[in-house]
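# Residue-level structure breakdown
Each chain, letter by letter, is given below.
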Amino acid sequence: MELNGIKINQKTEFTRRCIGEAVIKLLQSNSFEQLKISEISKVAGVSRTSFYQYYTSPYEVLNDYLNIIVSEYLLADKKLNDDDNYFATPHIIFSFNFFDKYSQFFLTLYKSKLYSVLIEAVNDFMIKHIKLEQNISVYKLYAYAGALLNSFLKWEENGKKEKVEDIAIALENFVYK
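Let me begin by describing the structure that accompanies this report.

Cut-offs used in this document
Residues numbered from 1 in each chain as written. Predicted model: local features only at pLDDT ≥ 70, side-chain atom pairs only at ≥ 80, totals over all residues. Heavy atoms only, no water. Helix = DSSP H or I, 4+ residues; strand = E, 2+ residues; numbered from the N terminus. Polar contact = N/O pair within 3.5 Å; in protein donor to acceptor, adjacent residues only side chain to side chain. 1 Å grid on protein atoms, 1.4 Å probe; cavity = no way out; pocket = protein on both sides within 12 Å on 5 of 7 lines; lining within 4 Å. Points joined across faces, edges and corners; volume = space filled by probe spheres on them. Phe/Tyr/Trp six-rings, centres within 6.5 Å; stacked < 30°, edge-to-face > 60°. Buried < 20%, exposed > 50% of the residue type's maximum accessible area, 1.4 Å probe, protein only.

## A word on the side chain of Ser95
Summarising the element assignment, Ser95 is placed in helix α5 (residues 89–100). Here Tyr73 takes part through its side chain, which lies 2.7 Å from a polar atom of the side chain of Ser95.

## Observations concerning the layout of surface pockets
The space that makes up the largest pocket amounts to roughly 230 Å³. Around the largest pocket, the lining comprises 13 residues; the ones closest to its centre are Asn67, Val70, Ala121, Asp124 and Lys128. Mapped by element, the contributors of at least two residues to the lining of the largest pocket are α4 (58–80) and α7 (115–130). When residues in the lining of the largest pocket are grouped by element, the largest group, seven residues, is from α7.

## Observations concerning the packing of aromatic side chains
Scanning all chains against the criterion turns up 21 aromatic pairs. Ring centres of Phe96 and Trp155 lie 5.3 Å apart, and the angle between their planes is 55°; on these two criteria the pair is classed as tilted. With a gap of 59 residues between them, Phe96 in helix α5 and Trp155 in helix α8 (residues 138–157) connect regions that are remote in the sequence. We note that Phe96, like Trp155, is buried. Between the aromatic rings of Phe99 and Phe106, the centroid separation amounts to 5.7 Å while the plane-to-plane angle is 85°, which identifies the pairing as edge-to-face. In this structure Phe99 comes out as buried when scored by relative accessible area, which is 17%. Judged by relative accessible area, which is 7%, Phe106 ranks as buried.

This is the structure in structure tokens:
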């Protein structure tokens, strides 16, 4: 796999993760518009040249970081879930628990008014990974993507007070009823 002509390996993924985490850290105290490549590079511990080797903007960093998370998710899902039904309660529970590890990333984007980055990534995932496997309307996928993302963000934002199982059942019912 390549990113902007660079072969991806452990070192390049580590560098990309550092840059992504730097953007998130900076977004916690700055608006997206205030982000500077020099500051991102400094916080990430990389040179500006290294930044530009992978990206042209902080927006690209966020999209790539989401791609890293989704790749990790797909690997974990393949190992743990025999069932490809992304709409079933067990799979929803798995998804919430997996993405909970990245709650700071998701909540920071959400609070930084970058919800569009998240929903586009979820929509893209639905089209690439679910539409091909299941005969389902694209608009039903979009509705489910929005319900899933919004429920996850609100669950995180509210301090995970509700049982993830209850949310998963509600989301499964949303799809099937």
